[in-house]
Amino acid sequence: MPFMLTAPGWLHPARHCVSPHWDERPGNEISLLVVHCISLPPGRFGGPYIDDLFMGRLDPAGDPYFAAIYRLRVSAHCLIRRDGELVQYVPFELRAWHAGLSCFAGRDQCNDFSVGIELEGTDSGGYTDEQYRVLAEVSRLLMQAYPAITPERITGHSDIAPGRKTDPGPGFDWARFRAMLSAG
């Protein structure tokens, strides 16, 4: 079943886990899509920990790594799990807290005008066929709904926060993804 976008910015079908980590956009511009990756604990896939982090309920006793991050107030609009499951935390009309200190095309504060999509993975690993398929489908839908998002305005976290972030990493095949975008 293809994804559909409903007002006010929720995807269906998707699993919705509403994050408390968002606020209003300072304008209603949505003109950038940022691809990220995450795994919790680092390098391990599956489990509830990404949901828990984005929903502000990560248990610091769940893993030694969590003691350093459990107080973070972060979110993404969506997560695409290894099996292609789509999870949405923040509607697109609102500002998710995914980019941090960032700059794109000379403009700071990318959270203000971007959508953040996380891929379950690591900077050094690859991504699954299902993740590419879902990412391309969702990206095409977002480009329809928000025409200011063009293929040139889809970028990696590493590109908007160089030196600070490295995701989605060298394992992300940008050429494959861009070919899938144009094939749809």
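This text follows the structure it describes.
Predicted, not measured: the structure shown is a model, and the values here were computed from it.

Asks: If you had to explain the pattern of salt bridges to someone new, which residues and values would you point to?
Replies: A side chain with one charge can pair with a side chain of the opposite charge if their charged atoms come near. What the rule picks out here adds up to 13 salt bridges. Between Arg15 and Asp51 there is a salt bridge; the shortest N-O distance is 2.8 Å. Here the residue Arg15 occupies a position in strand E3 (residues 15-16), and Asp51 occupies one in helix H1 (residues 49-54), the gap between them amounting to 36 residues.

Asks: Give a detailed account of helix H2 (residues 129-145), specifying residues and quantitative values.
Replies: Compared with the 24 Å implied by 1.5 Å per residue over 17 residues, the 24 Å span of H2 between its first and last C-alpha is a close match. For H2, the set of buried residues is Gln131, Tyr132, Val134, Leu135, Ala136, Glu137, Val138, Ser139, Leu141, Leu142 and Met143.

Asks: An account of the packing of aromatic side chains is needed here, citing residue identities and associated values.
Replies: Enumeration according to the criterion identifies seven aromatic pairs in this entry. Between Phe172 and Phe177, the ring centres sit 5.8 Å apart and the planes meet at 55 degrees, which makes this aromatic pair tilted. Each member of the pair, Phe172 as well as Phe177, carries the same accessibility label: buried. Aromatic pair Trp174 and Phe177: ring centres 6.0 Å apart, planes at 75 degrees, arrangement edge-to-face. Taken together, the positions of Trp174 and Phe177, both in helix H4 (residues 174-183) and three residues apart, correspond to about one turn of that helix. The class for Phe177 is buried, based on a relative accessible area of 0%.

Asks: Could you give an account of unusual backbone geometry, with specific residues and numbers?
Replies: Following Ala7, the chain continues to Pro8 via a peptide bond in cis, the omega torsion being -5 degrees. Residue placement: Pro8 occurs in the loop between strand E1 (4-6) and strand E2 (10-12). Its identity is not glycine, yet Ala105 carries a phi of approximately 50 degrees, on the positive side. Tracing the backbone shows Ala105 in the loop between strand E9 (103-104) and strand E10 (107-108). Within the chain, Gln109 stands out as a residue other than glycine whose phi angle is a positive 60 degrees. Following the sequence through the fold, Gln109 ends up in the loop between E10 and strand E11 (114-120). By relative accessible area, which is 43% here, Gln109 ends up partly exposed.

Asks: Hey, could you go over the sheet that holds E11 for me, with residue numbers and the actual values?
Replies: Pairing in this open sheet of six strands is mixed, and the strands run E3-E7-E6-E11-E5-E12 from one edge to the other. At either margin of the open sheet sits one strand with a lone partner, and together these are E3 and strand E12 (154-156). Direction of pairing for strand E6 (residues 78-80) relative to E11: parallel, over a ladder of three bridges. Residue pairing for E11: Leu79 is matched across the bridge by Glu118. Strands in contact with H4 are strand E5 (32-38) and E12; relative to E12, the strand with the most contacts, it is inclined by about 160 degrees.

Asks: Give me the side chain of Arg25: which residues, what numbers.
Replies: Mapped onto the elements, Arg25 comes out in the loop between strand E4 (22-23) and E5. Within the buried set, Arg25 has no salt-bridge partner at all; the shortest N-O distance to an opposite charge, 6.2 Å, is to Glu93. A polar contact of 2.9 Å, which involves the side chain of Arg25, links it to the backbone oxygen of Ser114. Among residues more than four places away in sequence, those in contact with Arg25 are Ile30, His77, Phe92, Glu93, Leu94, Arg95, Asn111, Asp112, Phe113, Ser114 and Val115.

Scoring rules and cut-offs
Sequence order as written defines residue numbering, which begins from 1 separately in each chain. For this predicted model, a pLDDT threshold of at least 70 governs which residues receive local features, and a threshold of 80 or more governs which side-chain atom pairs are given and counted, while totals over whole chains, interfaces and linings are taken from all residues. Remark: hydrogens and water are excluded; side-chain values derive from all non-hydrogen atoms of the structure. Should a side-chain nitrogen of Lys or Arg be within 4 Å of a carboxyl oxygen of Asp or Glu, the pair is scored as a salt bridge. What counts as a helix is a DSSP run of H or I of at least four residues, what counts as a strand is a run of E of at least two, and both are numbered from the N terminus. Given a helix with a known number of residues, its expected span is that number minus one, times 1.5 Å. Exposed residues in this analysis have more than 50% of their type's maximum accessible area, buried residues have under 20%, and partly exposed residues fall in between, with area computed by a 1.4 Å probe over protein chains only. A pair of Phe, Tyr and Trp rings is counted when the ring centres sit within 6.5 Å of each other, with Trp represented by its six-membered ring. The angle between the planes then sorts it: under 30 degrees is stacked, over 60 is edge-to-face, the rest tilted. Here, a strand pair is defined by DSSP locating no fewer than two bridges between the strands. The contact rule is simple, with two residues in contact once any of their heavy atoms fall within 4.5 Å. Only the stretch in contact is used when fitting a helix axis, every axis being a line fitted to C-alpha atoms; angles between N-to-C directions are given from 0 to 180 degrees. In summary, the charge assignment counts Lys and Arg as positive and Asp and Glu as negative, without counting His or the chain termini. Any N or O atom pair separated by 3.5 Å or less is treated as a polar contact, with the protein-specific requirement of one donor-capable and one acceptor-capable atom, and with residues adjacent in sequence counted only for side-chain atom pairs.

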